[in-house]
Amino acid sequence: MATSAPSPGSAATELTLPALHASHAGSWLCGPEGSVRGVSKGEAVMAAADTPHLILNAPLVSTRLGYPDLSGLDLLELFAFVHPAVFCVPTPKGLAHALGLEEPEDGAGVPHLLRQAAAVLLTTCESKDWAAREGAWSILQTMKRLRWPWAQVLSPHVAKPERAEKWLFSRLPEWEESPERAQPAQVALGEVAIQGQLERLTGEGSEKREGQRAYARDVGAIFAPRERRARPHVLLAQAGTGIGKTLGYLAPASLWSEQSGGTVWVSTYTKNLQRQLRSEAARAWPDRRADGSRPVVVRKGRENYLCLLNLEDALQGGFGGRAAVLAQLVARWAAYSQDGDMIGGDLPGWLGTLFRARAIKSLTDQRGECIYAGCPHYRKCFIERAARASAQADLVIANHALVMVNAARGRDHAQRPTRIVFDEGHHVFDAADSTFAAALTGQEAIELKRWILGPERGSKGRRRGLAARLADVASYDEAGSEAIDAACEAAQALPGEGWLGRLAENAPSGEIETLLAAVRALTYARDESGALDAGYGIETEAAGLEGDFVERAQAAAQALAQIRGPLIKLGVRLEAMLEDPPDWLDAQGRARIEGARFSLSWRIDTLAAWEALLGRLGGPADPQFVDWLSVERNDTREFDIGLHRRFLDPMKPFANVVLEPSHGVMLTSATLTDRGEEGPDWPGAIAKSGASHIEVQPRLADALSPFDYAARAEVLIVTDVKKGDLAGLAGAFARIIEASQGGVLGLFTAIRRLRAVHGRIADRLAREGLPLYAQHVDPIDTGTLVDIFRDDPRASLLGTDALRDGVDVPGHSLRCVVMEQVPWPKPSILHRARRAAGGGGAYDDQIIRGRLAQAFGRLIRSKDDSGHFICLSPAFPSRLLTAFPPGVPVIRLTLDEALQRVAAGVSCKPALHEEDVAK
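Residues numbered from 1 in each chain as written. Predicted model: local features only at pLDDT ≥ 70, side-chain atom pairs only at ≥ 80, totals over all residues. Heavy atoms only, no water.

When you go through the chain residue by residue, the secondary structure sums to 38 helices and 25 strands. Along the first, second and third principal axes, the C-alpha set of the chain runs to 75 × 75 × 65 Å. The buried share of the chain, reckoned over its 919 residues, is 54%. Considering only intrachain contacts with a sequence separation of at least 6, the fraction spanning at least 24 residues in the chain is 75%. Just so you have it, the chain exposes about 39200 Å², and 49% of that area is on carbon and sulfur atoms. (Helix = DSSP H or I, 4+ residues; strand = E, 2+ residues; numbered from the N terminus. Buried < 20%, exposed > 50% of the residue type's maximum accessible area, 1.4 Å probe, protein only. Contact = heavy atoms within 4.5 Å. Areas by Shrake-Rupley, 256 points an atom, 1.4 Å probe, with all protein chains shown as cover.)

Turning our eyes to something else, we now look at the confidence of the model for the chain. Here the chain averages 90 in pLDDT, while 95% of its residues score no lower than 70. Of the regions scoring below 50 in pLDDT, residues 1–11 engages in 18 contacts with residues more than four places distant in sequence or in other chains. Counting contacts from residues 908–919, a segment whose pLDDT is below 50, to residues more than four positions away or on other chains yields 22 contacts. (pLDDT = per-residue confidence, 0-100.)

Here we take up the pattern of salt bridges. Two side chains with opposite charge may pair up if their charged atoms get near one another. Applying the stated criterion to the full structure yields 43 salt bridges. Across the salt bridge formed by Asp-339 and Arg-278, the nearest N and O atoms sit 2.9 Å from each other. One end of the pair, Asp-339, is in the loop between helix 14 (322–334) and helix 15 (349–353); the other, Arg-278, is in helix 12 (residues 271–281), and 61 residues separate them in sequence. Given a relative accessible area of 14%, Asp-339 falls into the buried group. (Salt bridge = Lys/Arg side-chain N within 4 Å of Asp/Glu carboxyl O.)

Quick look at the state of the cysteines now. In the structure shown here, the tally under the stated rule is zero disulfides. Of all cysteine sulfurs in the structure, the one in Cys-816 sits closest to Cys-871, which takes part in no disulfide; the separation is 12 Å. Assessed through its relative accessible area of 1%, Cys-871 is described here as buried. (Disulfide = S-S within 2.5 Å.)

Time to look at the pairing of strand 9 (residues 395–399). Most of strand 9 is tucked away: four of the five residues are buried. Note: strand 7 (residues 264–268) against strand 9, five bridges, orientation parallel. Bridging from a neighbouring strand, Ser-267 pairs with Ala-398 of strand 9. By the bridge criterion, three bridges tie strand 8 (residues 296–298) to strand 9 in an arrangement that is parallel. Each bridged residue has a counterpart across the sheet, and for Val-298 the counterpart in strand 9 is Ile-397. (Pairing = 2+ DSSP bridges.)

In this fold, Gly-203 is placed in the loop between helix 9 (191–202) and helix 10 (210–220). When the C-alpha atoms of Gly-203 and Leu-765 are compared, they prove to be 44 Å apart, with 562 residues separating the residues in sequence.

Let us look at a negative patch on the surface. There is a patch of like negative charges on the surface, built from Glu-478, Glu-482, Asp-485 and Glu-489. Structurally, the position occupied by Glu-478 is in helix 23 (residues 478–490). (Patch = residues over 30% accessible without salt bridge, like charges linked within 9 Å, V, L, I, M, F, W, Y side chains within 5 Å. Lys, Arg positive; Asp, Glu negative; His and termini not counted. Charge placed at Lys NZ, Arg CZ, Asp CG, Glu CD.)

It is worth spelling out the nonpolar core at this point. Grouped together as the largest cluster of nonpolar side chains are 82 residues, with contacts concentrated most on Leu-75, Phe-81, Trp-150, Leu-154, Leu-306 and Leu-311. In terms of residues, this core owes the most to one element, helix 14, which gives ten residues. Discounting residues that sit within four places of it in the chain, Trp-150 has contacts with Leu-15, Leu-54, Leu-73, Asp-74, Leu-75, Glu-77, Leu-78 and Ala-118. One finds Ile-484, Ala-557, Leu-560 and Ile-563 within the second-largest nonpolar core, a separate group that totals 56 residues. (Core = buried A, V, L, I, M, F, W, Y, C linked by side-chain atoms within 4.5 Å.)

For the pair helix 3 (residues 75–82) and helix 14, the least separation of the axes is 8 Å and the interaxial angle reads 35 degrees. Across the interface between the two elements, Glu-77, Phe-81 and Val-82 from helix 3 touch Arg-322, Leu-329 and Arg-332 from helix 14. Residues belonging to the contact of helix 3 with helix 14 are distributed by class as follows: three nonpolar, no polar and three charged. (Axes fitted to C-alpha atoms, helices over the stretch in contact; angles between N-to-C directions. Nonpolar A, V, L, I, M, F, W, Y, C, P; charged D, E, K, R; others polar.)

Right, let's talk about the side chain of Glu-638 for a bit. Mapping Glu-638 onto the fold places it in strand 14 (residues 637–647). A polar atom in the side chain of Glu-638 sits 3.1 Å from the side chain of Arg-520. Looking at Glu-638, its side chain comes within polar contact range of the side chain of Tyr-524, at 2.5 Å. Not counting residues up to four positions away in its chain, the partners in contact with Glu-638 are Leu-500, Arg-520, Tyr-524, Val-631, Glu-632 and Arg-633. (Polar contact = N/O pair within 3.5 Å; in protein donor to acceptor, adjacent residues only side chain to side chain.)

Here seven strands make up an open sheet; going across it, the order is 21-22-20-23-24-19-25 and the pairing parallel. Each edge of the open sheet carries a strand with a single partner, namely strand 21 (772–774) and strand 25 (890–893). The average angle at which neighbouring strand axes cross in this sheet is 20 degrees, direction not considered. The pairing of strand 19 (residues 713–718) with strand 25 spans four bridges and is classified as parallel. Looking at strand 25, one finds that Ile-717 is bridged to Arg-892. Each of strand 21 and strand 22 (796–799) touches helix 33 (residues 751–767); the most contacted strand, strand 21, lies at about 160 degrees to it.

Taken as a whole and assessed by the stated rule, the structure comprises 13 aromatic pairs. Summarising the aromatic geometry, the rings of Trp-167 and Phe-169 are spaced 4.5 Å apart at their centres and angled 75 degrees between planes, so their arrangement reads as edge-to-face. Residue Phe-169 is classed as buried on the basis of its relative accessible area, which comes to 5%. Between Phe-707 and Tyr-709, the ring centres sit 6.1 Å apart and the planes meet at 70 degrees, which makes this aromatic pair edge-to-face. Of the aromatic side chains, those joined through ring pairs into one cluster are Phe-707, Tyr-709, Phe-856, Phe-869, Phe-876 and Phe-884. The cationic tip of Arg-332 hangs over the ring face of Phe-81; the distance from NZ or CZ to the ring centre is 4.8 Å. (Phe/Tyr/Trp six-rings, centres within 6.5 Å; stacked < 30°, edge-to-face > 60°. Lys NZ or Arg CZ within 6 Å of the ring centre and 35° of its normal.)

Between the first and last C-alpha of helix 14 there are 18 Å, a value that for 13 residues agrees with the 18 Å anticipated at 1.5 Å per step. The element helix 14 is extensively covered by neighbouring structure, given that twelve of its 13 residues are classed as buried. Among the residues of helix 14, those classed as buried are Ala-323, Ala-324, Val-325, Leu-326, Ala-327, Gln-328, Leu-329, Val-330, Ala-331, Arg-332, Trp-333 and Ala-334. (Expected span 1.5 Å × (residues − 1).)

Turning next to the sheet that holds strand 18 (residues 699–703). The strand order 8-9-7-10-15-6-18 describes an open sheet built from seven strands, whose pairing is parallel. Looking along the sheet, the strands with just one partner apiece sit at the ends: strand 8 and strand 18. Across the sheet, the mean angle separating the axes of adjacent strands is 15 degrees when strand polarity is ignored. The sheet contacts of helix 12 involve strand 7, strand 8 and strand 9, and relative to strand 9 the element is tilted by about 170 degrees.

So, about the pairing of strand 20 (residues 744–747). Every second residue of strand 20 is oriented toward a common face, with Val-744 and Gly-746 on one face and Leu-745 and Leu-747 on the other, all of them buried. Note: strand 20 against strand 23 (residues 816–819), four bridges, orientation parallel. Bridged to Gly-746 within strand 23 is Val-818. Across three bridges, strand 20 lies against strand 22 in parallel orientation. The residue of strand 22 that forms the bridge with Gly-746 is Leu-798.

The next subject is the environment of Pro-52. Mapping Pro-52 onto the fold places it in the loop between helix 1 (41–50) and strand 4 (54–55). For the pair formed by Pro-52 and Asp-74, sequence separation is 22 residues and the distance between their alpha carbons is 9.6 Å. Not counting residues up to four positions away in its chain, the partners in contact with Pro-52 are Pro-18 and Gly-72.

This is the structure:
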C-alpha cells in the first residue's frame, strides 16, 4: 500500500485497491493491479457486491447503477474524516482540485483518480502538518468497532498520540457572559461620511459607480433618529443586478454601528446570500475585535445548529448502523467548526446525503425541546454562543423567518432587531405568510404531545416529557406539579403513533383524531382540483360545514383548551418561582426555568391560535383570514391531514410585530416592484412592505442596473413545443443543452415533468460529455447541486422554485436559462382568495412577472456575462414581457431557429423584437 504524496507534474501514487465509477455515460472498473475497463451496470453491481471498491458519492453511484444497497470505500467519507469542516465539490473534478491532483479527462480516468485521492488523504494522516490530527485516533477506534469500511485502511496511517486525547465535549471552548450592551447613541450620518466609507470598502482606485453611491446615500436615511414612537424610517430600494447593493448598504450600516455602538441586522431569504454577506462584511469589520469577540455573527434558527446533547446521545448508543458512523464524523466536524451550523454552514451539505437526512436533523433541536441550563453542555452550546455573540455584534446576518420570530417572541428584548435591512426583500411577503400562519395538523399535534409527554413507548433517544424536564420544580411546588399532571392528562387527547392508519380504518382515538377524520372525509368528498388522480395533496375551503363537523371542531377546541389552561398555570408558577426563588435555585437553574417559560409561551400561543381557528368554523368568515382543510399526499401516500389559517394580508402582523418596534427598516431587491407597461408599480411594492398598516410613507429609491442587457442577452419564446408533449419537451431540452454545450439551468413548475425529462435525456447527454443533474432526482442537497453546476461549465442543472431565486452562478457556467412553461400560480384556495382581493388576473400577472424577472436574473450576474433566456411556451402572453429589462430582444421563433441562435451565442447585432415578429 503506497502512501507517498504526489509531486506536481508527475503521476500521482495510487492506493492499490479496486475502484468503481458510474455515471450516465457508463461504468468503469479498475482492478487492484490498475487496469481500467468499461463494464455494464450489471457487471459493476456484481463486482461492488462482491468486493468493497473505492467510490465517490455512494448514493449517487447507487442511483446511476439502479442498485440501492451499494456500499464500499466512499472517498467523501474519508475526506470528511481527514478534513473536517472543509468543503469539497463532490465530483471527480472537485475532488481533484481539492487535493491538488489532475482532473480526469473522461469517465475512464476516474478510477485512477479515486486511487490517487485515497493515497493523498492517507499520506495527509501521516504528515506532521495535519491540521485535524487531534481527536482522529480516538474516533478511529470507535469507527473500528462500528465496522466503518475505511477504519482498517486508515489504522496504519493514524498514529496513537503520546497523551490521551480529550473527548470532544472537553475540548470545545465555553462561551462567556457579557454585560448588556447599552442602547445605541442617536446619530445622523452625513452624505460625505457615507461616501468616504463606501470608498474604503470598495477599495482605493476602484471605479466610482454613481448608482451605488446614490443607493448608499438613500440607505443612510434609515439610520437617522426616529421622530415618533412606532413610526420607523422605511426605505424601499430597488437595485438592479450589478449596482453593488451589498457594499452599498454595508457602508452606512458599518458607519452607523461604529458611531452609535448599535447592532444592524441584515436579513436574507437564501443561505447563498448569507455566505456572500459574511465574505463581503470582512471589508468593513475584522474577523475578531481586540477582546476576541466577533463583530459579525451569522444567526439562524435553532434547528440549523448541532445540539451537543443530541450528539452525545447519538455517540453513546442512540444511533445504530450507518447513522452511528455519521455521528462520529459529525463529532470530528464539531471540533473544527466555526459556529456549529449544520445547514448551510461549514458542514459539507453532501455529508448528510451519504447517510440519512433524518439522522442529520435528529442531531439538531427540531422540536424546541432544549432544556437550556439543565443541559450539561449548556456553557459550550453553539446556539447559545451565537445568541450571545449576536447581542454584542455590530452586524448580525440572519434570515427573514428568524428576524420575524425574534421580533415576535424573542427571549431577550435587548436582542430584538431595531435596524434591519431585508435583502431579497421581494420574499418578505412569503416569509411573513409562513411565520404568521396557523396549522392544526396531525403531525403538528403529535409534536406537541411528545413535547408534553415525552417519547412514545419504545422510542430511543434523550427526549423527555414536561414532567421529567421540570422534576425539581414539581417536587418543590405543589401547584406547579398539579399543573404538569393536568397538562399530561389532557395531552392524551392529541393524536398518537399510528394515527394515519386509524383514520384510514375509520377508527380515530380522541377528540383531535376524530376531527381530523372528519377533515379527511370532507376533503375527499369536496375536492375538484384533479390533484387526487395525479397523486398530489388535496384541499377544500372551510365553509358550508355541517353541524356534525362543527360539533367535532368544538369538542377538539375544548380538548385543546384543557391542555392550554394547565400550561398557563405552570407558566405563572415558574414566574413566581423566579420572583421569589428557593434557596437551591442557582444561576443555571434560573436560566433553565426562563428557558422553560419561553418554550411554554410558544406552545400556549400555538394552542390559542388553534382554538381561534376552530372557533370560527361554522360561523361567519373573518375577512382577515383564509381557512381551509387539507390532506397532504406524496405520490398518493397520505402523510398529514389538517386545518390551516393564513392572513389574507400577512404584512399586517408583520407591520405590527416587526416594523412598529423598529427604528429603521429597508427592503431591497432587484425585483422589488412589478414591471408593468407604465413602469415600476411602487404602490404595489408599498402595499407588500406593510408600511401602510402603520401609517408610514416610505422613501422610494430605484437604482438601475449598469449592465447592457440589450447587447448581452436575448429572450427566445419557442412556439412549436406543444404543451403536454413530454417527448417533445424532453427533446427540446436535450437539443438546447447540446447547442449550448452545457451551462443550462432548466426551471420546471412540476416535479413530475422534471423527473420525466431527466430520465429521457440524461444518458444521451452524458455520452456527449454533458453531465446533467437534477433536484428531486439526484440524492444531493440543492446547495451542493449548485456548487457542482458552478464548478463545471459543461454541466446542466434542472430544478424547481428553489433554483429560480437566489442562485448566483456568474461567468460561463450559466449561459442559458430554460423555463419549461409560463410559471402560472398554483390555483390553491389561498391563492384564489388573494387573487379576488388583489385584482383578479392582474394579481396573477404580477406574480408571474416577478417569477420571470427572478429567473432572468440568474442569467446575467456580471458585466461580462451573456446568454439566452428561453421559454418553451407557444402561448406566452405579450403582457408579461415587461418582466424583462427594457431593450432586451424578445423573439418568437421555432425550436430549430432558437437552437441556431443558442449555438451562435449572443450577438451584439440588432435583433428582431417581439413586436416585429409575426404572432
